[in-house]
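Below are the chains, spelled out letter by letter.
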Amino acid sequence: MPAPKVLMVFPRFNPNSFWSMQAACDAWGAKCPAPPLGMITLAALLPREWNIKLVNRNAEDLKPEDIDWADMVMTGGMLPQQKDTLLLIERCQARGKPVVIGGPDPTSSPDVYGHADFLVLGEAEGIIQEFVDAWDAGERRGRYEAEKFQVDVTKSPIPRFDLLNFKHYLHVGVQFSRGCPFNCEFCDIIELYGRVPRSKTNAQMLAELQTLYDMGYRGHVDFVDDNLIGNKKALKIFLPALRAWQAERGYPFQFSTEASMNLADDAKLLDMMKAANFFAIFVGIESPDTDTLIATQKKQNTRRSLAESVHKIYAAGMFVFAGFIVGFDTEKDSVAAGMIDCIEATSIPVCMIGLLTALPNTQLTRRLHAEKRLLPLLSDHGDQCLAGLNFVTLRARRDILTDYRTVLLAVYEPSAYFLRVRAVGRALRRPKLPLKFNAKMALRDVNRLLRLMWHVTARCPALRRHFWETLASTARHNPRALKSIISLMVVYLHLGAFSKQLVSDLDKQIAAVPDWQPHLMPARLPPLHRSYS
Ligand code: SF4
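Computed from a predicted model, the values in this text were never measured in an experiment.

**Some thoughts on the pattern of salt bridges**
Opposite charge on two side chains lets them pair, provided their charged atoms get close.
Here comes step 1: Under the counting rule described, the total for this entry stands at 32 salt bridges.
Here comes step 2: Glutamate 123 is the partner of arginine 198 in a salt bridge, and the nearest nitrogen-oxygen pair spans 3.0 Å. Here arginine 198, found in strand 9 (residues 198-199), pairs with glutamate 123, found in the loop between strand 5 (118-121) and helix 6 (128-136); they are 75 residues apart in sequence, far enough to count as distant.
Here comes step 3: For arginine 198, a relative accessible area of 13% corresponds to the buried category.
Here comes step 4: Among the residues examined, glutamate 123 registers a relative accessible area of 7% and is labelled buried.
Here comes step 5: A salt bridge links lysine 332 to aspartate 291, with the shortest nitrogen-to-oxygen separation between them at 3.2 Å. Here lysine 332 is found in the loop between strand 13 (319-326) and helix 13 (335-346), whereas its partner aspartate 291 is found in helix 11 (residues 290-295), with 41 residues between them in sequence.
Here comes step 6: When its relative accessible area of 36% is taken as the criterion, lysine 332 is described as partly exposed.
Here comes step 7: Among the charged side chains, a salt-bridge network with shared partners connects Glu185, Asp329, Arg367, Glu371 and Arg373.

**A look at a negative patch on the surface**
Here comes step 1: Taken together, the side chains of Glu49, Glu130, Asp133 and Asp136 present a region of like negative charge at the surface.
Here comes step 2: Positionally, aspartate 133 belongs in helix 6.
Here comes step 3: A relative accessible area of 44% means that aspartate 133 is categorised as partly exposed.

**A short note on the state of the cysteines**
Here comes step 1: Across all of its chains, the model carries zero disulfides by this definition.
Here comes step 2: The structure places no disulfide on cysteine 385, whose sulfur is separated from the nearest cysteine sulfur, that of cysteine 351, by 12 Å.

**Digging into helix 16 (residues 397-411)**
Because each turn of an α-helix spans 3.6 residues, side chains separated by three or four positions end up pointing in the same direction.
Here comes step 1: Helix length check: helix 16, at 15 residues, gives a terminal C-alpha distance of 21 Å against a target of 21 Å (1.5 Å per residue), a fit within 8%.
Here comes step 2: Of all the residues in helix 16, the buried ones are Arg397, Ile400, Leu401, Asp403, Tyr404, Val407, Leu408 and Val411. Each buried residue of helix 16 lies within a common arc of 160 degrees when the element is viewed along its axis, so the set occupies one face.
Here comes step 3: Looking at the buried positions of helix 16, the neighbouring elements they touch are strand 13, helix 13, strand 14 (351-355), helix 15 (384-387), helix 17 (414-427) and helix 20 (482-512).

**With respect to the sheet that holds strand 1 (residues 5-10)**
Here comes step 1: Taken together, six strands build an open sheet; the order of strands is 2-1-3-4-5-6 and the sheet is parallel. Each having just a single partner strand, strand 2 (51-56) and strand 6 (142-145) make up the two edges of the open sheet. The mean inter-strand angle of the sheet, taken between neighbouring strand axes irrespective of direction, is 20 degrees.
Here comes step 2: Both strand 5 and strand 6 contribute to a ladder of four bridges, which runs parallel. Among the inter-strand pairings, valine 120 is bridged to a residue of strand 6, identified as tyrosine 144.
Here comes step 3: Sitting on the sheet, helix 2 (residues 37-45) is in contact with strand 1, strand 2 and strand 3 (72-75), with an inclination near 165 degrees to strand 1.
Here comes step 4: Where helix 4 (residues 82-94) meets the sheet, its contacts fall on strand 1, strand 3 and strand 4 (99-102), and the angle it forms with strand 4 comes to roughly 165 degrees.

**Details of the site of the ligand**
Here comes step 1: Every residue lining the ligand is accounted for by Cys180, Phe182, Asn183, Cys184, Cys187, Ile190, Lys298 and Gln300.
Here comes step 2: Counted by class, the shell around the ligand contains five nonpolar, two polar and one charged residues.

**Description of the packing of helix 18 (residues 439-459) against helix 19 (residues 461-477)**
Here comes step 1: Helix 19 packs onto helix 18 with a crossing angle of 140 degrees between their chain directions and a minimal axis gap of 7 Å. The orientation of helix 18 with respect to helix 19, classified from their angle, is oblique. The segment helix 18 lies against helix 19, with Leu452, Met453, Val456, Thr457 and Arg459 engaging Pro461, Leu463, Arg464, Phe467, Trp468 and Leu471.
Here comes step 2: Of the residues contributing to the contact of helix 18 with helix 19, the split by class is eight nonpolar, one polar and two charged.

**Brief notes about the nonpolar core**
Here comes step 1: Counting residues in hydrophobic clusters, the biggest one holds 157 residues, and the most contacted among them are Phe131 and Ile353.
Here comes step 2: Counting residues per element, this core draws most heavily on helix 20, which supplies 14 residues.
Here comes step 3: Formed by 16 residues, the second largest nonpolar core is a distinct cluster that contains Ile67, Ile101, Tyr113 and Ala116.

**So, the environment of arginine 422**
Here comes step 1: Tracing the chain through its elements places arginine 422 in helix 17.
Here comes step 2: With 63 residues separating them in the primary sequence, arginine 422 and isoleucine 485 have C-alpha atoms 7.9 Å apart.
Here comes step 3: Apart from residues no more than four positions distant in its own chain, arginine 422 is found in contact with His466, Glu469, Thr470 and Ser473.
Here comes step 4: Separated by 2.9 Å, the side chains of arginine 422 and threonine 470 make a polar contact.

**Section: the side chain of serine 17**
Here comes step 1: With respect to the helices and strands, the residue serine 17 is situated in the loop between strand 1 and helix 1 (22-28).
Here comes step 2: Within the local environment of serine 17, its side chain forms a polar contact with the backbone oxygen of asparagine 14, the two atoms lying 3.3 Å apart.

**Some points on the pairing of strand 1**
Here comes step 1: Of all six residues making up strand 1, five are buried, and the element is well covered by its neighbours.
Here comes step 2: Sheet topology note: the strand 1/strand 2 ladder contains six bridges and is parallel. Residue phenylalanine 10 lies in a different strand from strand 2, and its bridge partner there is asparagine 56.
Here comes step 3: In terms of strand pairing, strand 1 meets strand 3 through four bridges, oriented parallel. Paired with valine 6 across the bridge in strand 3 is methionine 72.

Rules used in this analysis
Residues numbered from 1 in each chain as written. Predicted model: local features only at pLDDT ≥ 70, side-chain atom pairs only at ≥ 80, totals over all residues. Heavy atoms only, no water. Salt bridge = Lys/Arg side-chain N within 4 Å of Asp/Glu carboxyl O. Helix = DSSP H or I, 4+ residues; strand = E, 2+ residues; numbered from the N terminus. Buried < 20%, exposed > 50% of the residue type's maximum accessible area, 1.4 Å probe, protein only. Patch = residues over 30% accessible without salt bridge, like charges linked within 9 Å, V, L, I, M, F, W, Y side chains within 5 Å. Areas by Shrake-Rupley, 256 points an atom, 1.4 Å probe, with all protein chains shown as cover. Lys, Arg positive; Asp, Glu negative; His and termini not counted. Charge placed at Lys NZ, Arg CZ, Asp CG, Glu CD. Disulfide = S-S within 2.5 Å. Expected span 1.5 Å × (residues − 1). Arc of directions from axis to C-beta. Contact = heavy atoms within 4.5 Å. Pairing = 2+ DSSP bridges. Axes fitted to C-alpha atoms, helices over the stretch in contact; angles between N-to-C directions. Near = heavy atom within 4 Å. Nonpolar A, V, L, I, M, F, W, Y, C, P; charged D, E, K, R; others polar. Parallel < 35°, antiparallel > 145°, perpendicular 65-115°, else oblique. Core = buried A, V, L, I, M, F, W, Y, C linked by side-chain atoms within 4.5 Å. Polar contact = N/O pair within 3.5 Å; in protein donor to acceptor, adjacent residues only side chain to side chain.

Pasting the structure below:
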């Protein structure tokens, strides 16, 4: 039997979501922030002789001839991609092609994708061979499920970076570990990947970076781990090797990642990350309210001054962007003021403020189900910014939405945002690294800066003064932080417009909230989804 032709299609995210960063991508000449790392890892797991073509719908069109070329179509992704994934299944099946579905959302909610020809669920390394054998044996329908948390990531292959067009992206991703030791009630990561982090070896990780380096890639590499410091022991073995690898090549990469707040408690780890050239960290702060953090099992954020912790990370040369959530059961009426104060005190410019969302297959969803408070999740609304609160709230829904609106307005008002950026510009202690000059990179950076200057000057008169003041202030006080500060300013092109749109959508939602409290009327609740149980 000839080797099959596989079309991998990465479904579209809603372009109107927090993470799309659309205006920032436009200003810097990219199509979308990041490539589909899971899909190119899957591609590396398939037999070498299989022909693979990748279409990322966030960066390019899917043409009918692409589908006609293929013997099978592989697709799937996260919850915000669900709508497009379902359309893709229909579109490809209508052209007579079997569709193979996998990824986090199909694993959490397989019933939604029941009409796909193949469901390949769980971590691909643990199950893909079973699918390949079935395909080779002539099977054209089936469901395969990896045993949970059993995949040995030290056996994961180098992702097929050769399938990517780097020009489409703001950065590329790699992954060091899967899983997180914490137990946040709303989190689906620990349900998908477990609470015992599994890490790759130093040699394996450096081989991935070397592949990117040999392909000519330079610049921003994101460690997509949900909590890079989940296994600190393994990370502390890796970071010195990463620093040495970087130093030998003149620091070709600068890194970002996601980590829990206890990073701030470990000065040695911060130093190691600084030395390896990490420049940005996403941290889930969620709420400034201690009772809420305890109730949602996010105890690692309690017993600390959040502002002090964040400033320790700035002192290690990394800016922080953070997640906040409105809508917890234990939240008080003072939540908006508390959150605004916290964001001001920490000076975090980029805050992903969302509504609490009961994601499929989480402790939160199971609790709300048991309490008969769960409502359907509107996956086509993009992300938690609008699709959240899919449950009967304890506080009045209108109050929660109004508090959310208040926080957004205060935090994304231009002068408030740029004030925080200037504060970060003074606090960041970027390391002095012996960077090797790379003409291509320098040209790209200058080109990006010129594009940003033109964009702000020509298209955003309301931002001009803030932009130039912030640039001048950072150049004067802390020029080594300029590159980071420019990234934070370009991101505002998206966040400023997005938050305005969000506030206007919220106004409609607030106006539409009924006066009756739904939790007083359980008989009106719709039936629960089977996979929630
Ligand atoms: S720290 Fe982050 S990844 Fe870990 S359980 Fe909490 S929300 Fe999930």
